[in-house]
Amino acid sequence: MGFKQYLESLNSYEAGKPIELVVRDYGIYAEDIIKLASNENPLGTSDCVIKAIKKEAKNAFRYPDDSMFELKEALSKKYRVYDKNIIIGAGSDQIIDFIIKAICSKSSKVLISATTFAMYEIYAKHNEASVIRTKSGIHKADEFIDEYKRHNPNLVFLCLPNNPLGDCLDRNEVYRILDSISKDCIVVLDCAYMQFAKYKDKAKLITPNEIIGKYQNVIYLGTFSKLYGLGGLRVGFGIATDSIIATLNKLRPPFNITNVSLKAALAALKDKKFTQETLKNNLKEMAVYEDFARTNNIEYIDSYTNFITFIFSNKVDSTQLSQYLLKNGIIIRNLKSYGMNAIRITIGTKKQNKRVLKYISKYLKR
Ligand SMILES: *Cc1c(COP(=O)(O)O)cnc(C)c1O
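In this text the structure is predicted, and so the values were computed from the model without any measurement.

Asker: Help me out: how do you make sense of the domain arrangement of the protein chain in this one?
Answerer: For an interface, size is often stated in terms of accessible area lost upon the parts coming together. Taken as a whole, the protein chain is organised into domain 1 (5-44 + 273-365) and domain 2 (47-271). Placing a centre on the C-alpha atoms of domain 1 and another on those of domain 2 gives a separation of 24 Å. On the domain 2 side, the residues contacting the 30 residues of domain 1 number 32 residues. On the surface where domain 1 and domain 2 come into contact, there are one salt bridge. The interface formed by domain 1 and domain 2 includes 11 residue pairs in polar contact (both at pLDDT 80 or more). Mapped onto the side of domain 1 that touches domain 2, the elements with two or more residues apiece are helix H12 (272-295) and strand E10 (307-311).

What follows is the structure, given as structure tokens:
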């Protein structure tokens, strides 16, 4: 058929297994299933957000405000930038799509870490660009600088912190990379988990107004899917110079965010109690996983996110462990497709984590 050739070898994104499928495949009640596979907020959706959604529901017949004035105004206050420095996407995923579309074609090169968010490569391939990876999965400033010099890419992605490993460069390391990159190369700082990193260690904090003031070739990305608990409503944002934002806006389809999503994001920004509770639970429960890993001689990566990655020796197979957990109603992410004998677990509630660790422990003792 008339499809583009590159699509033949392209794999589609493998999302976390939805609860509905586990109900069907394993006959487990939905209430008994724990999903810690997609880094969603374990505290759920905040009550303020649910209220805002209900209130906006009656406007479902209307097209949303395509200028997204209210949400941009709230974000511009929070990040101390102008609204012309902000673009809103259907998840920050959509903004990654816009950026790569705006820059990449067949002769382009995109530099990413060896193990990082899968969408960078998928969107690069949509545009037939080649992908260059650093040697280490974990971000290392020297590797990014060396590979940049060697390949002269058109676009660089830094995932801060890095999904699916959890590592995060210090701010001064990020600055060191940016200082080595020419201004005609766009650098994307994907900060989907930045609030978790900042909560744990201030040295990780990247502030978008400072960064775009200093580096006109940088795009900062944030999302409402993780800390704010709005994964299902698809809202993300990008912050950059007005000229970059104006260019990206040319690729944005009209009404890309629903009016319900816009109101929900606005309410989520205001609910400080919910985000504080989320951050507190995350750090406290992260320590429980770390303790477990140390006790059981499991290698783990110091995480600045809302998930932890366990790396196994060859005595444990991550695929078999994932299957075992699934049969017991626990969905986590197997990292075999990333070439690692490892699993990524989203930090859940105290009760959820207890059950996850109970079953991992059972599996290890078999
Ligand atoms: C979750 C995630 C995103 C974007 O999620 P959206 O739901 O599309 O906003 C972007 N980057 C990374 C690294 C992520 O983990």
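Having seen the structure, we can now continue with the description.
Asker: How should I be thinking about the nonpolar core in this particular structure?
Answerer: Nonpolar side chains tend to gather and get buried jointly when the protein is soluble and globular. Ranked by internal contacts, the top residues of the largest apolar core, which has 58 residues, are Leu 71, Leu 160, Leu 189 and Phe 224. Among the elements that line this core, the one with the most residues is helix H11 (residues 259-270), at seven residues. Here this core gathers at least three residues from each of two domains, domain 1 (5-44 + 273-365) and domain 2 (47-271). In contact with Leu 189, not counting residues within four places along its chain, are Leu 158, Leu 160, Val 174, Ile 206, Ile 211, Val 218, Ile 219, Tyr 220 and Leu 221.

Asker: Where do I start with the packing of helix H3 (residues 69-79) against H11 in this structure?
Answerer: Packed helix pairs are specified by the crossing angle of their axes together with the interaxial distance, meaning the distance between the axes. Packing of H3 against H11 brings their axes to within 9 Å, and their N-to-C directions diverge by 25°. By the angle between their axes, H3 is roughly parallel relative to H11. The way H3 lies across H11 gives a crossing that is left-handed. Only Leu 262, Lys 263, Ala 265, Leu 266 and Leu 269 of H11 make contact with H3, whose side of the interface consists of Glu 70, Leu 71, Ala 74, Leu 75 and Lys 78.

Asker: Please explain the site of the ligand as it appears in this structure.
Answerer: Around the ligand, the structure places 13 residues, and the nearest of them are Asp 190, Tyr 193, Thr 223, Ser 225 and Lys 226. One of the side-chain nitrogen or oxygen atoms of Asn 163 is found 2.8 Å away from an oxygen atom of the ligand. A distance of 2.6 Å separates a nitrogen atom of the ligand from a polar atom in the side chain of Asp 190. Bound to the protein, the ligand loses 95% of the 380 Å² it would expose on its own. Class assignment of the residues belonging to the shell around the ligand gives a composition of four nonpolar, five polar and four charged.

About the cut-offs
Residues numbered from 1 in each chain as written. Predicted model: local features only at pLDDT ≥ 70, side-chain atom pairs only at ≥ 80, totals over all residues. Heavy atoms only, no water. Domains from an automatic or database assignment. Contact = heavy atoms within 4.5 Å. Salt bridge = Lys/Arg side-chain N within 4 Å of Asp/Glu carboxyl O. Polar contact = N/O pair within 3.5 Å; in protein donor to acceptor, adjacent residues only side chain to side chain. Helix = DSSP H or I, 4+ residues; strand = E, 2+ residues; numbered from the N terminus. Core = buried A, V, L, I, M, F, W, Y, C linked by side-chain atoms within 4.5 Å. Buried < 20%, exposed > 50% of the residue type's maximum accessible area, 1.4 Å probe, protein only. Axes fitted to C-alpha atoms, helices over the stretch in contact; angles between N-to-C directions. Parallel < 35°, antiparallel > 145°, perpendicular 65-115°, else oblique. Left-handed = near helix turned anticlockwise from the far one by under 90°. Near = heavy atom within 4 Å. Areas by Shrake-Rupley, 256 points an atom, 1.4 Å probe, with all protein chains shown as cover. Nonpolar A, V, L, I, M, F, W, Y, C, P; charged D, E, K, R; others polar.

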